[in-house]
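# Coordinate inspection notes
Below are the chains, spelled out letter by letter.
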Amino acid sequence: MWSIITGMSRFAWLPLLMLLSLPPAFPQIVDSPAAAVANIPVNYTESLAGNYKLPDPLVLTNGEKVKDPKTWFAKRRPEILRLVEESQFGRSPAKPAKMSFDVFDKASAALDGKATRRQVTIYFTADKHGPKMDLLLYLPAGAPKPVPVLLNISFTANSSGVADPGIRPGEVWNAKEKKRQPAASSRSFGRLNVSKFLDAGFGVATFYYGDVDPDFLGGIPDGIRSAYMKPGAEEPEPGEWGAIAAWAWGASRALDYLETDTAVDAKRVAITGVSRLGKTVLWAGARDTRFAMVIASCSGEGGAALSRRNYGETIAHLVAPGRYPYQFAGNYAKYGPHVDEFPVDSHMLLSLIAPRPLLLQTGNTDKWSDPYGEFLAAVAAAPVYRLLGRKEQLPDKMPPPGVPLLNPLGFLMHDGGHGTIPADWDVFLEFMKKYL
């Protein structure tokens, strides 16, 4: 095991089984008074984050050290993937045999002639009245060869996510009433700036996560998970998929379509999402190695932030009744009061993406999501990246806001709160240019 102990001297890179010390002061994020969510205390004081030990991603469960890429890919990576699956996100089914694609908008000129637009309905089963999702794709007009693509998982329907009157009007879920309603009547979550990616030679695709599975308690009958339930069952088994795994599964189905589109270079598809969809893209990238890059925004607890740190949101907050237990495997709830027994931690989730480029984006006032915990997870995952040939080092101290680290295992913290700001998208594009 590695020991990561707060309140000690500056970082020191030592052999894998030695101590990794953390800096005594942390100027970027100022302490705040404690709070409570779901009647569970929330700590915002760095000195109270606690002492903890992280499982070593480069030691097999039998104690054998992982010394080469072959052992990582043949033994350790499958171990970690299975542990994260069973204890956190849940098992997902394979690609459905009877999935089909209806490209109902094949090659429309869009966005003042900058783009060729496609709209595709992806039917997950043979039943055209069953679960399905709409994928929206823009490609640079006149591109002479297949282009790399940024796949965005969205909180809203395609028609609300991009300023383009040619998009088929979509629907979104009303979580309170548990029914779908026209997207135009719901609040907006912001729009994608597609043009800057098109200008740089990238395509952009997006889909609404609610098309795959609803984001509320009791939503299973109305999503893809219902198609895989055992007869008579009302809930998945404790090790089966939660909603996050379902949304990640949907991202893989979008990639299935992109692999069929001759204008897309499907070996250069990056995936991005914010908040719970930041968690989603981390799991999608970990589970599906076809994704060439992952850009996770403010993924926090259950995503990139270390669970063993008692800071901001915790597993106990996520799985509290009335909050988000449905997003995870049933097994995850038992680690709320016993995080020290959690067989993995976020650095191991990040390690599953290695050596593919991974950018973690956060905000310095988003204390609920624990920006420092995300940086520490990257530090703890870095040895796996180095083992697999990515030699760039992370610094011994988290960079200040607005100073991106564009290593293959990258980090970006803006001066602000939860979500993305326009400057973040500029960095995302720079990261894509560098590695795709």
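Look up a bit, the structure's there.
Basis of the calculations
- Residues numbered from 1 in each chain as written.
- Predicted model: local features only at pLDDT ≥ 70, side-chain atom pairs only at ≥ 80, totals over all residues.
- Heavy atoms only, no water.
- Salt bridge = Lys/Arg side-chain N within 4 Å of Asp/Glu carboxyl O.
- Helix = DSSP H or I, 4+ residues; strand = E, 2+ residues; numbered from the N terminus.
- Buried < 20%, exposed > 50% of the residue type's maximum accessible area, 1.4 Å probe, protein only.
- Pairing = 2+ DSSP bridges.
- Expected span 1.5 Å × (residues − 1).
- Bend = angle between axes of the 7 residues up to and from the residue.
- Phe/Tyr/Trp six-rings, centres within 6.5 Å; stacked < 30°, edge-to-face > 60°.
- Lys NZ or Arg CZ within 6 Å of the ring centre and 35° of its normal.
- Contact = heavy atoms within 4.5 Å.
- Core = buried A, V, L, I, M, F, W, Y, C linked by side-chain atoms within 4.5 Å.

Moving on to the pattern of salt bridges. Counted under the stated rule, the structure contains 22 salt bridges. Here Asp256 ties to Arg253 by a salt bridge, and the two come within 2.6 Å at their closest N and O atoms. Residue Asp256 and its partner Arg253 are both found in helix H4 (residues 243-258); the two are separated by three residues, about one turn of the helix. Linking Asp265 and Arg268 is a salt bridge whose minimum nitrogen-to-oxygen distance equals 2.6 Å.

Turning our attention to the pairing of strand S12 (residues 203-208). Of all six residues making up S12, six are buried, and the element is well covered by its neighbours. Relative to S12, strand S8 (residues 132-140) runs antiparallel, the two being bridged by four bridges. Within the sheet, the bridge partner assigned to Leu136 lies in S12 and is Thr206. The sheet contact formed by strand S9 (residues 147-154) and S12 spans six bridges and is parallel. Directly across from Val149, in S12, lies its bridge partner Gly203.

Bringing helix H8 (residues 371-387) into the picture now. Taking 1.5 Å of rise per residue, 17 residues should cover 24 Å, and H8 covers 25 Å from first to last C-alpha, within 8% of that figure. When the local axis directions of H8 are compared, the greatest deviation, roughly 35 degrees, occurs at Ala381, which is followed within four positions by the proline Pro383. By the criterion of burial, H8 is predominantly enclosed, with 16 of the 17 residues buried. Positive phi appears at Gly389, one or two residues downstream of H8, with a value of about 100 degrees.

Tallying each qualifying case throughout the model produces 20 aromatic pairs. Look at Phe375 and Phe411: their rings are 5.4 Å apart centre to centre, the planes differ by 70 degrees, and that puts the pair in the edge-to-face class. With Phe375 in helix H8 and Phe411 in strand S16 (residues 409-414), this residue pair connects regions lying 36 residues apart in the sequence. Here Phe375 and Phe411 have matching classes, each one buried. Put simply, the rings of Phe89, Trp283, Phe328, Tyr332, Tyr335 and Phe342 pair up and form one aromatic cluster. Sitting over the face of the ring of Phe104, Arg168 holds its NZ or CZ atom 3.8 Å from the ring centroid. When the ring centre of Trp249 is taken as reference, the NZ or CZ atom of Arg253 above it lies at 4.9 Å.

What follows deals with the pairing of strand S6 (residues 100-110). Here eight bridges tie S6 to strand S7 (residues 115-123), and the two strands are oriented antiparallel to one another. Opposite Asp102, over in S7, you have Thr121 as the bridge partner. Hairpin connection between S6 and S7: a loop of four residues separates the two successive antiparallel strands, and Leu111 in this loop has a positive phi of roughly 55 degrees.

We now examine the environment of Ala251. With respect to the element layout, Ala251 can be found in helix H4. With 98 residues separating them in the primary sequence, Ala251 and Ile153 have C-alpha atoms 7.5 Å apart. Once residues within four sequence positions are removed from consideration, Ala251 is found in contact with Leu151, Ile153, Phe207, Ile271, Ala284 and Phe291.

Turning to the nonpolar core, a few remarks are in order. Membership of the largest hydrophobic core comes to 98 residues, with the highest contact counts inside it found for Leu135, Leu151 and Leu282. At twelve residues, the largest contribution of residues to this core is made by H4. Those residues within four positions of Leu151 in sequence are excluded, and the remaining contacts are Leu135, Ala205, Thr206, Phe207, Ala251, Ala254, Val269, Ala270, Ile271, Thr272 and Phe291. In this structure, Val194, Val204, Leu406 and Leu436 belong to the second largest nonpolar core, which totals 29 residues.

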